[in-house]
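One-letter residues, chain by chain:
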Amino acid sequence: MAALTLGGCAYEWDSLRPGPDAGGTPDVGTPRDTAADTGNATDAVADARVDGGAADTGATDAGPVDAPIAMDVIDVPVVIDSGPPDTGPLDTGPLDTGPLDTGPRDTGPRDTGPLDTGPRDTGPVDTGPRDTGPPACVGSQCPCAPTTPAGWCAIGAACMGGTCVVGPTAGSLVITEIMNDPLAVADPLGEWFEVYNRVETPVDLRGLRVRGNGTEMFEVTGANPVVVAGRGYAVLGASGETAANGGVAMTYVYGSAAMNLSNSSDVITLLAADGSTIDSVAYPASGWPETMGRSKALRPAILDASMNDVAVAWCPGGPAFGAGDFGTPGAANVCQ
Ligand SMILES: [Ca+2]
Ligand SMILES: [Ca+2]
Ligand SMILES: [Ca+2]
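Described below are features of the structure shown in this document. Sequence positions are assigned chain by chain, starting from 1 and proceeding in written order. Here chains are named by letter from A upward and ligands by number from 1 upward, in the order in which they appear as written. Given that the model is predicted, a residue must reach a pLDDT of at least 70 before its local features are reported, and side-chain atom pairs must reach 80 or more before they are shown or counted; all residues, however, enter totals for whole chains, interfaces and linings. Where side-chain values are given, they derive from all heavy atoms of the structure, hydrogens and water being excluded.

Where helices and strands are cited, they refer to DSSP runs of H or I of at least four residues and of E of at least two residues respectively, numbered from the N terminus. When helices and strands are counted, the chain shows 1 helix and 18 strands. Think of it in three bands: residues with accessible area under 20% of the maximum for their type are buried, residues over 50% are exposed, and the middle band is partly exposed, with areas taken using a 1.4 Å probe on protein chains only. Expressed as a percentage of the 336 residues in the chain, the buried residues total 30%. Contacts: residue pairs with any heavy atoms within 4.5 Å of one another. In the chain, the proportion of contacts linking residues at least 24 apart, taken out of those at least 6 apart, comes to 54%. If you sum the accessible surface of the chain, you get close to 19,700 Å²; carbon and sulfur atoms cover 56% of it. Accessible surface is estimated by sampling points in the Shrake-Rupley manner with a 1.4 Å probe; for residues, cover comes only from the protein chains shown.

Encoded structure:
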């Protein structure tokens, strides 16, 4: 048994077969040793030839020049690393093109190096914590925009049909038109009132509570959003039948049993879900525009929940619509 150290690794082999000295031909006459040494885990089986001169014992070797050692390594067992995960610095060396790593999973820090173009990873599925970032955008289209960060609506708003929609809040809605005394169709089925959304963001009216005088009150409900577009109008009425309501496309129908609009004095109050008042209009029996078949219209330059409290802010509405009454349900007001 002889030993040799190469590159910091110790090798042992069963037999050395000295060949001719330098200048000669390698020993090819002896059959190569093809049997692995089973006595050592890191064994290498080698053929070698060495020179036959004296060993180098001094600073200068005066003997014949050593011939290089030729070694055939024919059986070197590979031991897979089963130690703890590598937590050292990222590998920035050349791409590994070797066989797939079937060792234990790497749980070290994430690799931020260049893209791996090597063979596909067939290791275990990632069971780490879920990615909670914003939903993916497709091209330049996000689920809702504009938002911060992209893909999310502001707190309190919901994404509906690609648009961020908020609930009714103070400052968002103004009562702009009241048809309390219809003529072309029966009263109260022809009654309606109009609200304007002052903000750019669409408003879902669900959750809005509307209070009349006495105990009259209803809440806007529904399985689907009742949306008023940004800077748009909505009409809430007693009847959804155009033949009965005078030809008005209602945004929401509350029903004549829930509320009536008196032909003399009455009040309409919009309440947010938290109970705060969004707007309130109380018209008296006299002093405000009151013409049968014609709406009370807030002057189009006045779209304000405080300024609509006084008589001078209102005018008789027009022009004729539907069955022949006057007003602009769902559109900007006109004074006539
Ligand atoms: Ca009425
Ligand atoms: Ca008001
Ligand atoms: Ca109007």
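Distances up to 2.8 Å from the metal define which N, O and S atoms are donors, and 3.2 Å serves for Na, K and Ca; water is absent from the atom set, so sites may look incomplete. Asn 180 (O), Asp 187 (OD), Asp 187 (OD), Glu 191 (OE), Leu 261 (O) and Asn 263 (OD1) make up the full set of protein donors to the calcium ion (ligand 1), lying at 2.1 to 2.8 Å. Note on geometry labels: four donors, all angles 85 to 135 degrees, give tetrahedral; four donors become square planar and six octahedral when opposite donors are over 155 degrees apart and every other angle is between 65 and 115; remaining cases are irregular. Classification of the site at the calcium ion (ligand 1) rests on its 6 donor atoms, whose angles at the metal span 46 to 168°, yielding the label irregular. Assessed through its relative accessible area of 2%, Leu 261 is described here as buried.

The coordination sphere of the calcium ion (ligand 2), as far as protein atoms go, consists of Asp 279 (OD), Ser 280 (O), Ala 305 (O), Asn 308 (OD1) and Asp 309 (OD), spread over 2.2 to 2.4 Å. All donor residues of the calcium ion (ligand 2) come from one chain, and their arrangement in sequence is D-S-x24-A-x2-N-D.

Glancing now at the nonpolar core. The biggest cluster of nonpolar side chains holds 32 residues, and the ones touching the most others in it are Ile 178, Phe 193, Leu 205, Phe 218, Leu 236, Tyr 254 and Leu 270. Secondary structure elements with two or more residues in this core: strand 5 (173–179), strand 6 (192–197), strand 11 (233–237), strand 13 (266–271) and strand 14 (277–283). For this core, the element with the highest residue contribution is strand 5, accounting for 4 residues. Aside from chain neighbours lying at most four places away, what touches Phe 193 is Glu 177, Ile 178, Val 210, Phe 218, Ala 234, Val 235, Leu 236, Tyr 254, Met 259, Ile 268 and Leu 270. In plain words, nonpolar cores are sets of buried Ala, Val, Leu, Ile, Met, Phe, Trp, Tyr and Cys residues tied together by side-chain atoms within 4.5 Å. In terms of nonpolar packing, the next biggest core, distinct from the first, is built from 6 residues, Val 235, Val 248, Met 250 and Phe 321 among them.

A separate point is the environment of Ala 244. With respect to the element layout, Ala 244 can be found in helix 1 (residues 242–245). In this structure, the C-alpha to C-alpha distance between Ala 244 and Glu 191, residues 53 residues apart in sequence, is 9.8 Å. If we ignore the near neighbours within four places in the chain, the residues touching Ala 244 are Val 185, Leu 189, Gly 190 and Ser 239.

Before going further, it helps to examine the packing of aromatic side chains. Two aromatic rings, taken as a pair, are described by how far apart their centres are and by the angle between their planes. The criterion for an aromatic pair is that two Phe, Tyr or Trp rings (for Trp, the six-membered ring) have centres within 6.5 Å, with stacked assigned to planes under 30 degrees apart, edge-to-face to planes over 60 apart and tilted to the rest. Using the criterion set out here, one finds 6 aromatic pairs in the structure. With a centroid separation of 4.9 Å and an interplanar angle of 45°, the aromatic rings of Tyr 196 and Tyr 233 are classed as tilted. Of this pair, Tyr 196 sits in strand 6 while Tyr 233 sits in strand 11; the two residues are 37 residues apart in sequence, bridging distant segments of the chain. What makes Tyr 196 buried here is its relative accessible area of 9%. Judged by its relative accessible area of 22%, Tyr 233 is partly exposed. An aromatic cluster of three or more residues is present, and its members are Phe 193, Phe 218, Tyr 252 and Tyr 254. Residue placement shows Arg 294 over the ring face of Phe 326; its charged tip is 4.1 Å from the ring centre. Lysine NZ or arginine CZ positioned within 6 Å of the ring centre and within 35 degrees of the ring normal marks a charge as sitting over the ring.

This part is about unusual backbone geometry. Between Asp 187 and Pro 188 the backbone carries a cis peptide bond, its omega angle lying at 20°. Relative to the assigned elements, Pro 188 resides in the loop between strand 5 and strand 6. The linkage connecting Gly 318 with the following residue, Pro 319, adopts the cis geometry, with an omega of -10°. Mapped onto the elements of the fold, Pro 319 is located in the loop between strand 16 (314–316) and strand 17 (320–321).

On to the pattern of salt bridges. We define a salt bridge as a contact between a side-chain nitrogen of Lys or Arg and a carboxyl oxygen of Asp or Glu at a distance within 4 Å. A full pass over the atoms with the stated rule returns 5 salt bridges. Note that Asp 204 and Arg 206 form a salt bridge whose closest N and O atoms lie 2.8 Å from each other. With a relative accessible area of 6%, Asp 204 lands in the buried category. Its salt-bridge partner being Lys 296, residue Glu 290 comes within 2.7 Å of it at the nearest N-O pair. Overall, Glu 290 belongs to the partly exposed group, its relative accessible area being 31%. Residue classification places Lys 296 among the buried residues on the basis of a relative accessible area of 2%.

What follows concerns the environment of Thr 242. For Thr 242, the position within the fold is in helix 1. In this structure the C-alpha to C-alpha distance between Thr 242 and Leu 189, which are 53 residues apart in sequence, comes to 9.9 Å. Among residues more than four places away in sequence, those in contact with Thr 242 are Gly 247 and Val 248.

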